[in-house]
Amino acid sequence: MAAAAVVDVGQGREYSGRLTLYVFLTCAVAATGGLIIGYDIGISGGVTSMDTFLQQFFPSVYRKAQTARGGSQYCKFDSQLLTAFTSSLYLAALVASFFVASVARSLGRKWSMFGGGVSFLAGAALNAAAQNVATLIVGRVLLGVGVGFAGLSIPIYLSEMAPHRLRGTLNIGLQLMITVGIFAAGLINYGAAKINGGWGWRLSLGLAAVPAGIVTIGSLFLPDTPSSLISRGRHEQARLVLRRIRGTDDVADEYGDLVAASEAAGAVKRPWRDILERRYRPQLAMAVLVPFFQQLTGINVIMFYAPVLFKTIGLGGDASLMSAVITGLVNIAATFVSIATVDRLGRRKLFFQGGCQMLVCQVIIGTLIGVKFGAAGVDEAVPKSFAVAILVFICAYVAGFAWSWGPLGILVPSEVFPLEIRPAGQGVSVAVNMLCTFAVAQAFLPMLCHMRFGLFYFFAGWVAAMTLFVAAFLPETKGVPIEKMGVVWRTHWFWQRFVTDNDGHVGHRDTEMTYGKASDIVVC
């Protein structure tokens, strides 16, 4: 199956410039927006495993968990109201994603980030002060709006600012901050659970204001991207920013291609309609299928409900929270592997290796849990060695995700769209991501109750499917300038039927790509 690619930009020529301290710092500040996403993922599962939080807001779940001894361990946390608390954020982010694309296009990427930070601040305040479930959910909705703004604008910002040779490395900074946010949330949950007086959950939820404040203040000091400035008619400012982020005055080639891309974008008046055209079918497919598959890896099940899951397999309250901290630390370490290799090995190899590793781990985790609890999920004393074994395989699964589908599920959709539909395309990607996250978060506890250990086999089947999809249909985008990305579709064995030669390049210099044998990935 021919899929691997070798790229030669401009007959051996590349854009001038280097990785400057300025572009590194701007990308680092923008990537801190991932803290709000990661912190929420980590904090939600932690507070829903705290007895004092359950007693105040979900007493029926608390009573059910306390009386589950001797009964089914799979069903003791099953509550639609409890999952609504967690998943309402993602439904709000889904709705917000349809509006933020217009904001990012008309006002620029930085102000989209600013709006997301402000909304997240408001949501954190409401959740920390909540006295009832309704206030909690309203706070979650505001958090969701913030996540929607950040999830759309930050990946585009990073992809447009980074030099094309290092686009993957700098873009994955967002995923790194997400993992840091998850890890920080795990530590805070572990400490908050030990606070006397039962108000530790308020501290956990309220501290979401810290990452929100960082991205809100930080966005005020960021320049907008050259692409965004050009599309809004600020050509001289765009040229100045481009010179500064590339560290050279020789930016004529890149600037010319950006202007050409902007002129093409100016002809598109209705991007939400035009994105459905046949020539954008390959990019639209990736914007839908990559985030769809990312959520069906089962990772958010692990990260949302890690403390609950570890309680289910027999670890005590403190031990379950500490185990969640351990998986968060693994998540951070493995993300550095992706940062170091994504622009050397490419996207496809990381996708494939990570998918194979996750598949094996899901099958083993499901088998171990099935052997211990069986189909009935009868509570028995769980040996420490058994719980540790499950934790080890969960960590291996998290590592596989953290250097493949985690960062690349964000990177690939942000880099494949041409400028004229880039905000709309990223809006589609975020919307699909949030819809699938909402569905998985809402369905996980009922699915665990009814499918029992078979749930892990369910996700393993999806991991197998998505790994085969990547091997067959995802072209390699490593090293291709973002404004010339159309060429990877024009020369792909399947997607070339949807695009023409004119769709494959932008500007006065062409990009050549030749396909070799698929020796990098063998599909049996």
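All values reported here derive from a predicted model rather than from experimental measurement.

1. What about the overall build of the chain?
Stage number 1. When its secondary structure is counted, the chain shows 23 helices and two strands.
Stage number 2. Here the chain, with 524 residues, has 60% of them falling under the buried criterion.
Stage number 3. Considering only contacts in the chain between residues 6 or more positions apart, those separated by 24 or more positions represent 83%.

2. Observations concerning the side chain of Glu 254
Stage number 1. Among the secondary structure elements, Glu 254 is positioned in helix H13 (residues 252-266).
Stage number 2. Given a relative accessible area of 9%, Glu 254 falls into the buried group.
Stage number 3. Beyond its immediate sequence surroundings of up to four residues, Glu 254 is in contact with Tyr 15, Leu 242, Arg 246 and Glu 483.

3. A short note on the packing of aromatic side chains
Stage number 1. The tally for this structure, following the rule as stated, stands at 20 aromatic pairs.
Stage number 2. Geometrically, the ring pair formed by Phe 473 and Phe 494 is edge-to-face, given 5.2 Å between the ring centres and 75° between the ring planes. With Phe 473 in helix H22 (residues 454-473) and Phe 494 in the loop between helix H23 (486-490) and strand S2 (511-515), the pair connects residues that are 21 residues apart, well separated along the chain.
Stage number 3. Ring centres 6.3 Å apart and planes at 85° place the aromatic pair Trp 489 and Trp 495 in the edge-to-face group. Each member of the pair, Trp 489 together with Trp 495, is buried.

4. Looking at the packing of helix H8 (residues 167-192) against helix H20 (residues 405-415)
Stage number 1. Put simply, H8 and H20 touch, their axes get as near as 9 Å, and they point 130° apart. With respect to H20, the axis of H8 lies oblique. H20 is crossed by H8, and the crossing has right-handed handedness. Where H8 abuts H20, its residues Arg 167, Gly 168, Asn 171, Ile 172, Leu 174, Gln 175 and Ile 178 lie against Gly 406, Pro 407, Leu 408, Ile 410, Leu 411, Ser 414 and Glu 415.
Stage number 2. For the contact of H8 with H20, the per-class residue count stands at seven nonpolar, five polar and two charged.

5. Observations regarding a nonpolar patch on the surface
Stage number 1. Taken together, the side chains of Leu 107, Trp 111, Ile 217, Leu 220 and Phe 221 make up a nonpolar region of the molecular surface, amounting to roughly 560 Å² of accessible area.
Stage number 2. Topologically, Leu 220 is positioned in helix H10 (residues 209-220).

6. Examining the state of the cysteines
Stage number 1. In this structure the tally under the stated criterion is zero disulfides.
Stage number 2. Of all cysteine sulfurs, the one in Cys 361 lies closest to Cys 395, which takes part in no disulfide; the gap is 9.8 Å.

7. Describing the confidence of the model for the chain
The predicted coordinates ought not to be read in detail in places where the model reports low pLDDT.
Stage number 1. Put simply, the chain has an average pLDDT of 80, and 81% of its residues get 70 or more.
Stage number 2. Throughout residues 1-12 the model reports pLDDT below 50, and contacts reaching past four residues in sequence, or to other chains, amount to 39 contacts.
Stage number 3. This stretch, residues 504-524, has a pLDDT under 50; its non-local contacts, to residues over four places away or in other chains, come to 68 contacts.

8. Quick look at the packing of helix H2 (residues 34-47) against H8
Stage number 1. At a minimum axis separation of 6 Å, H2 and H8 run at an interaxial angle of 35°. H8 is crossed by H2, and the crossing has right-handed handedness. On the side of H2, the interface is formed by Gly 34, Leu 35, Ile 37, Gly 38, Tyr 39, Ile 41, Gly 42, Ile 43, Gly 46 and Val 47, while H8 contributes Leu 174, Met 177, Ile 178, Val 180, Gly 181, Ile 182, Ala 185, Ile 188 and Asn 189.
Stage number 2. Among the residues forming the contact of H2 with H8, the class breakdown is 13 nonpolar, six polar and no charged.

9. A few points about the environment of Leu 350
Stage number 1. Within the element layout of this structure, Leu 350 appears in helix H18 (residues 347-373).
Stage number 2. Separated by twelve residues in the primary sequence, Leu 350 and Ser 338 have C-alpha atoms spaced 7.7 Å apart.
Stage number 3. With residues near it in sequence (within four places) discarded, Leu 350 still touches Ser 338, Thr 341, Val 342, Leu 345, Trp 403, Ser 404 and Leu 408.

10. Some words on the nonpolar core
Stage number 1. Ranked by size, the top nonpolar core spans 66 residues in total, and within it Phe 53, Phe 57 and Phe 58 carry the most contacts.
Stage number 2. In terms of residue count, helix H7 (residues 133-161) provides more of this core than any other element does, twelve residues in total.
Stage number 3. Other than its neighbours up to four places away in sequence, Phe 53 contacts Val 47, Thr 48, Phe 58, Phe 85, Leu 136, Trp 201 and Leu 205.
Stage number 4. Core analysis: the next-biggest nonpolar cluster, separate from the first, contains 64 residues, Phe 401, Val 432, Leu 448 and Trp 495 among them.

11. Observations concerning the environment of Ile 339
Stage number 1. The topology assignment puts Ile 339 in helix H17 (residues 317-345).
Stage number 2. Since its relative accessible area comes to 19%, Ile 339 is described here as buried.
Stage number 3. Excluding anything up to four places from it in sequence, Ile 339 contacts Thr 169, Ile 172 and Leu 176.

12. Focus: helix H15 (residues 281-295)
Stage number 1. For H15, built from 15 residues, the straight-helix expectation of 21 Å at 1.5 Å per residue is met to within 8% by its first-to-last C-alpha distance of 22 Å.
Stage number 2. Taken across its 15 residues, H15 has eleven buried, putting it largely inside the fold.

13. Looking at the pattern of salt bridges
A side chain with one charge may pair with a side chain of the opposite charge, provided their charged atoms come close.
Stage number 1. A full pass over the atoms with the stated rule returns eleven salt bridges.
Stage number 2. The closest approach of N and O atoms between Asp 224 and Arg 232, which form a salt bridge, is 2.6 Å.
Stage number 3. Judged by relative accessible area, which is 5%, Asp 224 ranks as buried.
Stage number 4. Salt bridges linked by common partners bring Arg 167, Asp 343, Arg 347 and Glu 415 together as one network.

14. Notes on helix H1 (residues 21-31)
Stage number 1. Residues of H1 that are buried include every one of Val 23, Thr 26, Cys 27, Ala 30 and Ala 31, and no others. Along H1, the residues classed as buried sweep out an arc of 135° about the axis, all on the same side.
Stage number 2. For H1, the elements touching its buried residues are H2, helix H6 (109-129), H7, H8 and helix H12 (235-246).

15. A look at the side chain of Gln 175
Stage number 1. Its location among the elements puts Gln 175 in helix H8.
Stage number 2. The contact partners of Gln 175, leaving out residues within four places of it in the chain, are Thr 335, Phe 401, Gly 406, Pro 407 and Ile 410.

16. Details of the environment of Ser 153
Stage number 1. As for its placement among the helices and strands, Ser 153 is situated in helix H7.
Stage number 2. Judged by relative accessible area, which is 1%, Ser 153 ranks as buried.
Stage number 3. Considering only alpha carbons, one finds Ser 153 and Lys 110, 43 residues apart in sequence, at a separation of 7.6 Å.
Stage number 4. Discounting residues that sit within four places of it in the chain, Ser 153 has contacts with Arg 109, Ser 112 and Met 113.

Reading the values: the criteria
- Residues numbered from 1 in each chain as written.
- Predicted model: local features only at pLDDT ≥ 70, side-chain atom pairs only at ≥ 80, totals over all residues.
- Heavy atoms only, no water.
- Helix = DSSP H or I, 4+ residues; strand = E, 2+ residues; numbered from the N terminus.
- Buried < 20%, exposed > 50% of the residue type's maximum accessible area, 1.4 Å probe, protein only.
- Contact = heavy atoms within 4.5 Å.
- Phe/Tyr/Trp six-rings, centres within 6.5 Å; stacked < 30°, edge-to-face > 60°.
- Axes fitted to C-alpha atoms, helices over the stretch in contact; angles between N-to-C directions.
- Parallel < 35°, antiparallel > 145°, perpendicular 65-115°, else oblique.
- Left-handed = near helix turned anticlockwise from the far one by under 90°.
- Nonpolar A, V, L, I, M, F, W, Y, C, P; charged D, E, K, R; others polar.
- Patch = residues over 30% accessible without salt bridge, like charges linked within 9 Å, V, L, I, M, F, W, Y side chains within 5 Å.
- Areas by Shrake-Rupley, 256 points an atom, 1.4 Å probe, with all protein chains shown as cover.
- Salt bridge = Lys/Arg side-chain N within 4 Å of Asp/Glu carboxyl O.
- Disulfide = S-S within 2.5 Å.
- pLDDT = per-residue confidence, 0-100.
- Core = buried A, V, L, I, M, F, W, Y, C linked by side-chain atoms within 4.5 Å.
- Expected span 1.5 Å × (residues − 1).
- Arc of directions from axis to C-beta.

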